[in-house]
Structures are given as C-alpha cells and as structure tokens.
Number of protein chains: 4
Amino acid sequence: MLQSLRTEVYEANLELVRRGLVIYTFGNASAIWREKGLIVIKPSGVAYEKMTPADMVVTDLQGKVVEGTLRPSSDMATHAALYRAFPEIGGVVHTHSRHATAWAQAVREIPCFGTTHADYFHGPVPVTSHLTREEIEEGYEANTGEAIIRTMSGLDPLACPAVLAAGHAPFCWGKTVTDAAHYAVVLEEVAAMAWQTVTINPAARALPDAQRDKHYFRKHGAKATYGQGDC
Amino acid sequence: MLQSLRTEVYEANLELVRRGLVIYTFGNASAIWREKGLIVIKPSGVAYEKMTPADMVVTDLQGKVVEGTLRPSSDMATHAALYRAFPEIGGVVHTHSRHATAWAQAVREIPCFGTTHADYFHGPVPVTSHLTREEIEEGYEANTGEAIIRTMSGLDPLACPAVLAAGHAPFCWGKTVTDAAHYAVVLEEVAAMAWQTVTINPAARALPDAQRDKHYFRKHGAKATYGQGDC
Amino acid sequence: MLQSLRTEVYEANLELVRRGLVIYTFGNASAIWREKGLIVIKPSGVAYEKMTPADMVVTDLQGKVVEGTLRPSSDMATHAALYRAFPEIGGVVHTHSRHATAWAQAVREIPCFGTTHADYFHGPVPVTSHLTREEIEEGYEANTGEAIIRTMSGLDPLACPAVLAAGHAPFCWGKTVTDAAHYAVVLEEVAAMAWQTVTINPAARALPDAQRDKHYFRKHGAKATYGQGDC
Amino acid sequence: MLQSLRTEVYEANLELVRRGLVIYTFGNASAIWREKGLIVIKPSGVAYEKMTPADMVVTDLQGKVVEGTLRPSSDMATHAALYRAFPEIGGVVHTHSRHATAWAQAVREIPCFGTTHADYFHGPVPVTSHLTREEIEEGYEANTGEAIIRTMSGLDPLACPAVLAAGHAPFCWGKTVTDAAHYAVVLEEVAAMAWQTVTINPAARALPDAQRDKHYFRKHGAKATYGQGDC
C-alpha cells in the first residue's frame, strides 16, 4: 500500500509537469493512508526529472518524517492541516499555475461563470483572507491550512475541491491524489477562461443556479449520468 | 459506411485533442448517416488515448443507442436536435475550447472583426439566451439544442456553422464531421483574436459588409476561387 | 535559379508553420526573380504537410501563371502589386498570425514601444484604411496592395517591412523571402508584447526617437555593429 | 576553469531557448571569472542551433576581446558594467522574453503581488528611467548598465536579481550564470502572472511585507528551509 501510494504521489507530481502547471521544483502533491495515519509527500526542492517514487517522504499526521532521508515539501504543514480537517479527502495538490495564481494574487474568488467550472466546482472557487503578521511569522504553513479551512466553513470539501490562498496560489484536493491533480489542471483551465471572460465582459455574471446544479450533478453524486458508470 | 463514419468521427475527436481544443475527456464529435437515420457519436467520459473507432456509439435520431455497449456522450440530445433541425449538416462538434468558451461565458456574440472570421462565418458567431429553470431541469440537453436552433432562426446553418451556448461553450457543425472539427479549430482562433481585438480597441467595429462578403464568397459557394477547385 | 527560389519559398512557408504563425492552409509566401520578372508563390489551399517545392506556382508580374498546374495563392495580386511598387524587395509573406491580426482588426498601428520592435521596424507598424465598397468588389486583392502602397507613402519599405491591412492581417516583405518570413515571426512577437503593454499601461508611450534609432541602426545600414559582419 | 565557464555560459544560453524566452538570436548570457578578471559571453547574432561552447567570447572587464574570433554580444558593455558594480554576482542574462518585456515597455515596475515573486525577488522588480538622448547616442550599452546600477541604488543585487530597462527588456543576474538564467525564467512567469493580476483586479495590492519576507527567507539566507540543504 505504501509502495503504491508513493507511485501514485510520484505520478500526480509528474502530471503537473506534463500539463504545464509547474516549472522547476514548483508545486507538490501528497496522499494519505488513513488507516495508518501516514502521509506520502514530494520532497522539497528536488528536480522532477531526477525524482523517483522512492524519493517520496512519509510523515505522520503532524508532518513528522517517519520514513525517507529527504525533507518533505516546505508546504507539508498545510497538507497535514487539510488532511486533519477534511476526513473525506485522500490527496492534496499545490501549484503556482499561472492563471489560478493570478486570481489568488488579485485576491478574488473565481466566479462560476460557466459549465466547465460547474462540472467540477459546485460554486465559486473561494479565496482566503490574508494572514495576519502573527500568523505569518509563527507557523506560517499550518496557518495557511487554517485559513483555507476557515474559508471552507460550511462548504463540502468534495464539492469545492480547491481554494485560492490570498497572494499565494491554489490548493486542491480530492478523494485521491490523482483526482486532486486532475482538479488542479481543470482549475487552471477554468481560471484562464474566467480571466478572459471578465476582460470581454467586465459585467459578466455567474451561471444561473439551476444550470450550475445540472452540470455539477451530471458528473457527481448518486444521479450522475456522465461517463460509463465506473468513474 | 457505418465503419467509415466511425473512423471519421474518431479522427475528428482526435483532431480536437491534437489542436489543443480539449483536455481529458472534454468535447465530443458526431456524424449522421442521413439515409438510415443513424448518428455515430463519441462515448461519454472515455479517455482519448484509449478510445478506438469501435468505441463510437450508434444511435437513432432520438439519441437511442442501437449499436455499441458504451453510453453516448452526455450531450447526445443536443447533437440529435441539431441534426433534426438542420437537414443540410452531416457532423456536429462540441468543445470547451478556452477562447470560444470565454465568449460564451461572457454571453457575447463574437463580432465579425476580420477576414479570418469572414473566411468561415458569414456574420457574427451568435450566442444563445440562458435557458429558463424549467428548460434546465427537464430535458436540458435537448433544450440546449432548441436554444441553438432558435438563435439560428433566419440564418443559413452552413454559412454560420457555430453558435455559443450561453454560459456553456461552442457547438459547431458542417457538411461532415471533419468540417465541423475544422470550424471548431478556426472558431477558437477567431475567438482568441477577437478577445485581443477588444482589449486593444474597445470601440473596434465589425468588418465592412462588402469585405465580409468578399472573403466569405472567395471560399464558399458557386463563385469560390480559393483552393484548387476540389475542396 | 528558379529551382532554388522554389525551395526558398517552400522553406519560408514551412517556417511560418513551425513558428506557429499559420494553421491549416492559412498564409502564403512568395519570392521574385527580378531579372526575369517571375514570381514564385505558394499554391492556394494546399495542405502544408503535402506541399513540395515543385508545387510552387510561377507567375509573371501581373500574376499570370507561366509554370505549374496549381492555382496560385488567392492573395497573388497583392503580392504582385507590392513587387511592382517596391523594387528593393525580393520576398513577401502574408499570415493571419494571432497577435498581429488582432491589431489589424483593431485598426490600430503598432506603436514602437520598445527595442524589440526598433531592432526591426524603424517606427510604428502602420495600418491601412478600410477599402471602399468599390475597391472591395472589383479587384479586391490588387486594391489591398494599393492600400498598403498608399500607407507606405514616404516610408522606406526596407526600414518598415510590414503593414497591417485593416480588418484583415499583416503583410511583410524583405530583400528575400527568408527575411520576410523572419520579419513576420518578429512582428507577431512584437504585436503580442504591444498588446500586453497597453493592457499594463494604457498610457504607454513610444520609445524615445534616439533609442529607436540607436537600436535600428545597430542592426541595419552601414554602421551596423550587430552580428558577425556578414548577416 | 575557462573551459567549464564556456560550457556553463553555453548551457545557460540554451536554457533560455528551451524555456521559450528567446527566438532567433535574441538574448545573451555571460559569466565572470573574478580571479582573472575575464568575462565569457555569447557571440553576437549567432544562431543557437549552430553555436558551440567554443564560440563563447572571452573579454576583459572593459569588454575588450582577449580570446575568440567572434564579436561578443552587442550588449557586452552592459554586462561589463554590471560585473564591475556588483562584485557579488557571477553571471548575467539578458532576454526580450515576452511578458517581462511588456512591463519594461509599459515602464512599470513589477509589484510583488504574490509568493511566486517573493520566493525569488525580495520586493518589486524595478524599472529604470529612460536614458537621455546624450546617454543613448554615446556609450548606449554602458549607459544602460549605469541606469540599472542607479536603479539598484540601496538594494542588494542578490535579493533583487533583475531590473527592467525602460522601453527595452529585463537584465537578470546571480551568483552564477545558471542562477541568472533560472531567475530570467522565473521573472518571465512572474511577469505573466502580474499582467493577469492587474487585468483581473486593477486595484490589486502588493503582498503584505511579512508574507514577502517569510517566502523570501524560506529559500534564501542562513535560515532557509527550502530544498535539501545543498541548493
């Protein structure tokens, strides 16, 4: 199981490279083994082209390394906070992908402008508030996680599997790390479309609720009709 | 014939991938065999890299599967509605390509700003109105087709082979599915140029009618002079 | 000579594909053999992947085919007009490249905002006026050439080797067709930068004249210092 | 040592090509051998695909060629000025990369809008003033260096390893030419994000100082925690 999680985390990291979401050592992906309370995460600052599944770092739920000789990603504590707060998620992905990061830097939520968005996110992709100086200076990464968790208050993490950290970049999650990487790719596309939408029409409005629901529930939940019934 | 249609539909779907118009399982293409009243369409949610011509689904004009074990694309009913309304078309393509989708999300028609546009579309690419809650909740995909058909009222489907579904994305068509995919690619390019045009000059105006006509009829109709007389 | 011109024209056409300036059968390049009064040009509507040097069409200075079985590019008469008006040029390239076309559609000249521009174009890249209905309906392609020539009045064609045809797209030229294709690629880059420049700063101003001159004459004319003295 | 510097400079130049920062013969990279007072720099106007490490030109700190038969980059004097002014740097890179150049043309500094920026640049990326006519006409390249040096007054060159030359393009530097090329790539990404940020939110504000410091010092200086402790 740990072996297959390492491979899945490794593959999710590479997917981010292949899809153009990360350059150099940017970005990180992790997965959790709930039964054992173990997190498998990309090591910090290792080049993607040299990385192997064996380089993935294993930590406990506090982010303490329990296996591996490399340091975990510097965003470890954010991942750990999300796993503790959202028991339904199995993977977390963080990137600085260009378009989603532009919205994070603009400190604007991404409105649900269309069905591409609604097929994956059941409402706007929210943005956190800026952290306070105290939150930044002590426990920054854990406090980034807390800011995301506060922003998600009242929302279903699987129906809104992404948040923009203000002035920073997106964090995505899903039932698996493969899903989380998939959502990160779609989020980047949705962010690009939304940017162009507001340029073309600064008064653009969100999709009507009924259409948002129709698209979201075509792909998610008990009444989903998309796909072949097995995904 | 059914065999060659399957291959043509398969190839049109792959063309959308190659040209960067779709990611993951986004998008779908179909063709119709008019004499038999059969539609050949991409299956729902199957990865492009695993898809084969044999996976294409065959339905009747109501979208009922008559051959194949996979579910047809979730937009089946939209395709079927377009085939019933426009007897002159042989293929339909739907994508969420970035630039055209941004115009659909902005709920703005794409003005005919230049000759690239006029070479293919004899006027603006129109946008539908939003569907009502009732139209969304019951028969959404068929009603999307009806909204497109209403928007095309009074227009020649072959001279205006694309419509933007409001808040959703483009639908394109043509005499063949190969043509429909070609128009989808050109529409994406035209949408990108139009976005930049309105950024550079918010007061940009449509091409003079005479120039629009000159370009359109250089490539289309009895007096066309473009190409080698056989395409 | 004709053989080598065919190859050079063919290669210039392929360069436009490789650099992403054209899709499908868009765009065309030509060269002239001044001594014989012969123009070598891409055939109309032939797929780039099937084209060979032997497919290039040879015409006289009026655009009448003198060798080859294919029709010349539909923009033949524009090329011919430019060759007749500018005796110093040896090649012409026309594309619908995205960014330059957006400026043409916006009917705005591209200001000389920076040294990238000034390294190649000694001043703004001008835009023509729209043609009149009469000019469009009779002899459209030749009149497009005339509009470009009027716009170039008082300018040195080799110091301003590109014009935007209003509502249409750029035409570029140079001493050779290889140069013309090179300028088309640089124009596209310059157009992209200028679009972003006016988005970032709507009040952006042209480069000071002295800096424009410094850069232009570092690369052009008797006092050029760029390169290795042989290009 | 000279041999390995040639290779490193050659590789840094190729990195700019691979990352899409330069086309044709645009851009140049150099490194310095402090002990001997020798600069190794790309030759002027040589095609990247034909260049070899042996083509790199060796000059003294005034830019006078001491080894090699090719002319150095036309921006030689700017590189030399930067090496003389900033003893802590070992490499310089100059590109006309699209997004950073757009900011230079807009004559706007790139605000520190987010953590991607703060991971590399400890504050805004500044822009020089335009040179005077006199500075342009005599000793343009050296005066470009002087303008950059004036702009850097009071700043630590390693904490702000890039400046935009007004109306021109970025210059980057670092402890090594490999670092300088790396910063040029990141600057281009940061410039793209900042352009989109101001489009999405014209009132976007810089990252809070505490968060800027947190990110910058996670990767730089004695208390850095990013990576594996050896980079």
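Calculation rules
- Residues numbered from 1 in each chain as written.
- Chains lettered and ligands numbered in written order.
- Predicted model: local features only at pLDDT ≥ 70, side-chain atom pairs only at ≥ 80, totals over all residues.
- Heavy atoms only, no water.
- Least-squares fit on C-alpha atoms with pLDDT ≥ 70 in both.
- Contact = heavy atoms within 4.5 Å.
- Phe/Tyr/Trp six-rings, centres within 6.5 Å; stacked < 30°, edge-to-face > 60°.
- Helix = DSSP H or I, 4+ residues; strand = E, 2+ residues; numbered from the N terminus.
- Buried < 20%, exposed > 50% of the residue type's maximum accessible area, 1.4 Å probe, protein only.
- Lys NZ or Arg CZ within 6 Å of the ring centre and 35° of its normal.
- Pairing = 2+ DSSP bridges.
- Axes fitted to C-alpha atoms, helices over the stretch in contact; angles between N-to-C directions.

Colleague: Any chance you could explain the relation of the copies chain C and chain D here in plain terms?
Modeller: Copy one and copy two of the chain differ by a rotation about an axis and a translation along that axis. Aligned on chain D, chain C shows an RMSD of 0.0 Å; the corresponding rotation is 90° and the shift along the axis is 0.0 Å. In the structure described here, the two chain copies are related by an operation that fits a four-fold rotation axis. Measuring from the rotation axis to each C-alpha of chain C, the shortest distance belongs to Thr199(C), at 5.2 Å. Comparing interface residues between copies, only 8% of those in chain C also sit at the interface in chain D, which points to a heterologous contact through distinct surfaces.

Colleague: Please explain the packing of aromatic side chains as it appears in this structure.
Modeller: To describe a pair of aromatic rings, you give the distance between the ring centres and the angle between the ring planes. In the structure shown here, the tally under the stated rule is 20 aromatic pairs over all chains. Summarising the aromatic geometry, the rings of Trp195(A) and Trp195(D) are spaced 5.1 Å apart at their centres and angled 85° between planes, so their arrangement reads as edge-to-face. Linking Trp195(A) in helix α7 (residues 177-200) with Trp195(D) in helix α7 (residues 177-200), this pair reaches from one chain into another. Note on accessibility: Trp195(A) and Trp195(D) belong to one class, buried. Among the aromatic residues, those joined into a cluster by ring pairs are Trp195(A), Trp195(B), Trp195(C) and Trp195(D). When the ring centre of Tyr226(C) is taken as origin, the NZ or CZ atom of Lys219(C), which lies over that ring, is 4.2 Å away. Lying over the aromatic face of Tyr24(A), Arg19(D) brings its terminal NZ or CZ to 4.1 Å of the ring centre.

Colleague: What should I look at first to understand the sheet that holds strand β6 (residues 162-164) of chain A in this one?
Modeller: Residue and element names in this part refer to chain A. As summarised here, the arrangement of the seven strands in space is β4-β3-β2-β1-β5-β7-β6, forming an open sheet in which the pairing is antiparallel. The sheet is open, and its two edges are formed by β4 (65-67) and β6, each paired on a single side. When strand polarity is set aside, the average angle formed by the axes of neighbouring strands in this sheet is 25°. Pairing of strand β1 (residues 28-33) with strand β5 (residues 91-94) involves four bridges; the strand directions are antiparallel. Note that in β5 the partner of Ala-29 across the bridge is Val-93.

Colleague: What is the right way to read the relation of the copies chain A and chain B from this model?
Modeller: When chain A is fitted to chain B, the best match, at an RMSD of 0.0 Å, comes from turning it 90° and sliding it 0.0 Å along the axis. The two copies present different faces, since only 8% of the interface residues in chain A are matched by interface residues at the equivalent positions in chain B.

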